[in-house]
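For reference, the chains in residue letters:
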Amino acid sequence: MKIIAIIARILLGLTFLIAGLNGFFNFIPAPPIPGLAGTFAGVLAQSHYFLFVAAVQTIAGALLLIDQFVPLALALLAPVIANILVFHLTMQPRGLPPGIVALILWIILAYRFRAHFAPLLVRKTESGTKEKTTA
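Residues numbered from 1 in each chain as written. Predicted model: local features only at pLDDT ≥ 70, side-chain atom pairs only at ≥ 80, totals over all residues. Heavy atoms only, no water.

A.B. asks: What is the right way to look at the overall build of the protein chain in this model?
C.D. replies: Counting its regular elements, the protein chain contains 6 helices and 0 strands. What you see in the protein chain, going N to C, is helices and strands ordered as α-α-α-α-α-α. Each of the three principal axes of the protein chain carries a C-alpha extent, and together these read 60 × 40 × 25 Å. Of all 135 residues assigned to the protein chain, the portion counted as buried reaches 30%. For the protein chain, the share of sequence-separated contacts (at least 6 apart) that also reach a separation of at least 24 residues comes to 70%. Looking at the protein chain as shown, the accessible area adds up to about 9500 Å², and 70% of this sits on carbon and sulfur atoms. (Helix = DSSP H or I, 4+ residues; strand = E, 2+ residues; numbered from the N terminus. Buried < 20%, exposed > 50% of the residue type's maximum accessible area, 1.4 Å probe, protein only. Contact = heavy atoms within 4.5 Å. Areas by Shrake-Rupley, 256 points an atom, 1.4 Å probe, with all protein chains shown as cover.)

Quick look at the structure:
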């Protein structure tokens, strides 16, 4: 499982590093997107929202590649991958397969680092109380 996780980390890191850098430098030009998907993408581009997404992708991809702060990188990529999937499910289905591959790679890594995400899955917490510290 460790080798599979390393391969998944490198592939996911490369994917999002390249996609993020492409958001800034446009070295992989995209063909025109027709219909509602094109209108949506156009609004995101004109508002410069894509630059924020590209920055998140670049940072998370780099973190995965250098094997540092991997749980943080996964947390940053979760909403990006969710948006990719929703975009393609609702507006441009033919682009869905790469999003599914990214999701599978993300799931492999999230499973590998599941202990780091376990505290997020606490159903009920004590709010308003200070944590006990040992000194």
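A.B. asks: How should the packing of aromatic side chains be read in this particular structure?
C.D. replies: Between two aromatic rings, the relevant description is the distance of the centres plus the angle of the planes. The tally for this structure, following the rule as stated, stands at 3 aromatic pairs. With a centroid separation of 6.5 Å and 50 degrees between ring planes, the pair formed by Y49 and F52 is classed as tilted. On the criterion of helical spacing, the pair formed by Y49 and F52 is a turn pair, its members being 3 residues apart in helix α3 (residues 49–65). Assessed through its relative accessible area of 55%, F52 is described here as exposed. (Phe/Tyr/Trp six-rings, centres within 6.5 Å; stacked < 30°, edge-to-face > 60°.)

A.B. asks: How do you make sense of the environment of N22 when you look at a structure like this?
C.D. replies: Structurally, N22 is set in helix α1 (residues 2–25). According to the relative accessible area criterion, N22 is buried, its value standing at 17%.

A.B. asks: I tried to follow the pattern of salt bridges on my own but got confused; where do I start?
C.D. replies: Any two side chains of opposite charge can pair if their charged atoms end up close together. The full count for this structure, using the stated rule, is 1 salt bridge. R9 is paired through a salt bridge with D67; the nearest N and O atoms lie 3.5 Å apart. You can see R9 sitting in helix α1 and its partner D67 sitting in the loop between α3 and α4 (70–90), a full 58 residues away along the chain. (Salt bridge = Lys/Arg side-chain N within 4 Å of Asp/Glu carboxyl O.)

A.B. asks: What should I look at first to understand the layout of surface pockets in this one?
C.D. replies: One way to see where empty space is left: roll a probe the size of a water molecule over the atoms. Estimates place the volume of the largest pocket at around 1600 Å³. Lining of the largest pocket is provided by 42 residues; of these, F50, Q57, I84, F87 and H88 occupy positions nearest its centre. Looking at the lining of the largest pocket, the element that brings in the most residues is α4, giving 8 residues. Classifying every residue of the lining of the largest pocket by side-chain character gives 29 nonpolar, 12 polar and 1 charged. (1 Å grid on protein atoms, 1.4 Å probe; cavity = no way out; pocket = protein on both sides within 12 Å on 5 of 7 lines; lining within 4 Å. Points joined across faces, edges and corners; volume = space filled by probe spheres on them. Nonpolar A, V, L, I, M, F, W, Y, C, P; charged D, E, K, R; others polar.)

A.B. asks: I would appreciate a short explanation of a nonpolar patch on the surface in the present structure.
C.D. replies: A contiguous nonpolar surface patch, about 1100 Å² in accessible area, is contributed by I3, I6, I7, I10, L11, L14, I18, F24, F25, F27, I28 and L51. When residues of the nonpolar patch are assigned to their parent elements, the largest contribution, 9 residues, is made by α1. Its place among the elements puts F25 in helix α1. (Patch = residues over 30% accessible without salt bridge, like charges linked within 9 Å, V, L, I, M, F, W, Y side chains within 5 Å.)

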